[in-house]
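Chains, contacts and geometry: an overview
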Amino acid sequence: YPGEMAAAGAPLLTVMDMSKVVARVNMAQDQVNNVKAGNEATITPADGGELVTGRVTIVSPASDPNSTTVQVWVLADNPGERMHAGQAVHVSIVAATLEGATLIPAAAVLPNPEGETIVLIVDDKNIAHEKVIQIGLREPEMVQIVAGVELGQRVVTKGGLGLEDKAKVRVMKPGEKAAGEKDEVDEGKN
């Protein structure tokens with residue numbers, strides 16, 4: 001600034017190359033087990049900007065003693081320099097890919113009184129049967145089934161809670177309305 005004196009050893013200005021950005025993410029120790037340098041990742045600005053793809057470049061070998069998290073760095077191109085230094089972002093990292101996994105909607109997974117995890121399988125006569133399952137990986141929308149459900153079997157995804165074993169069910173197509181179910185109408189105000 002005009003009239004300001006430069007102090008010895010203090011930088012006058014900082015030059016940054018913003019053609020690439022590094023997102024530093026602190027991850028829980030149990031989440032970082034499968035994360036390795038080279039894994040694919042996406043960075044999305046917290047303000048809802050456009051996502052960019054990148055790769056994990058560093059997985060810290062040590063945990064932070066205060067937060068017990070591990071720092072992971074993701075490097076990505078920054079076309080048009082849309083992201084800025086210090087900006088908050090969301091990072092998604094592909095840690096592993098499971099080939100041939102059996103996935104079902106998380107809503108299909110139910111507890112039973114014996115403390116087991118079950119799903120209701122629907123046979124060709126539209127009868128629901130309780131089936132004890134073993135779960136592998138979980139995501140918010142989908143669950144991996146390790147044992148108990150075979151590929152191609154139909155599972156109850158809606159209305160399963162409280163449904164008895166060997167109950168007759170009605171199989172509905174996606175978007176089909178149940179008897180007596182009304183469309184939700186948003187009535188606007190003038």
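These notes cover the structure that comes with them.

About the criteria used
- Residues numbered from 1 in each chain as written.
- Predicted model: local features only at pLDDT ≥ 70, side-chain atom pairs only at ≥ 80, totals over all residues.
- Heavy atoms only, no water.
- Helix = DSSP H or I, 4+ residues; strand = E, 2+ residues; numbered from the N terminus.
- Rg over C-alpha atoms; globule rule 2.2 N^0.38 Å.
- Buried < 20%, exposed > 50% of the residue type's maximum accessible area, 1.4 Å probe, protein only.
- Contact = heavy atoms within 4.5 Å.
- Areas by Shrake-Rupley, 256 points an atom, 1.4 Å probe, with all protein chains shown as cover.
- Lys, Arg positive; Asp, Glu negative; His and termini not counted.
- Charge placed at Lys NZ, Arg CZ, Asp CG, Glu CD.
- Patch = residues over 30% accessible without salt bridge, like charges linked within 9 Å, V, L, I, M, F, W, Y side chains within 5 Å.
- Salt bridge = Lys/Arg side-chain N within 4 Å of Asp/Glu carboxyl O.

Per the secondary structure count, the protein includes 0 helices and 12 strands. Against the globule reference of 16 Å for 190 residues, the protein gives a C-alpha radius of gyration of 25 Å, more extended than a compact globule. For the protein, the C-alpha atoms occupy an extent of roughly 85 × 55 × 30 Å along the three principal directions. Counting the 190 residues in the protein, one finds 23% classified as buried. Pairs at least 24 residues apart make up 57% of the contacts formed inside the protein by residues separated by at least 6 positions. Accessible surface, the protein: about 14,200 Å² in total, of which carbon and sulfur atoms supply 52%. Computed over 17 positive and 26 negative side-chain charges, the separation of the two mean positions in the protein equals 7 Å.

The next point concerns a negative patch on the surface. On the surface, a cluster of negative charge is contributed by E114, E116, E130 and E164. The topology assignment puts E116 in the loop between β7 (110–111) and β8 (117–122).

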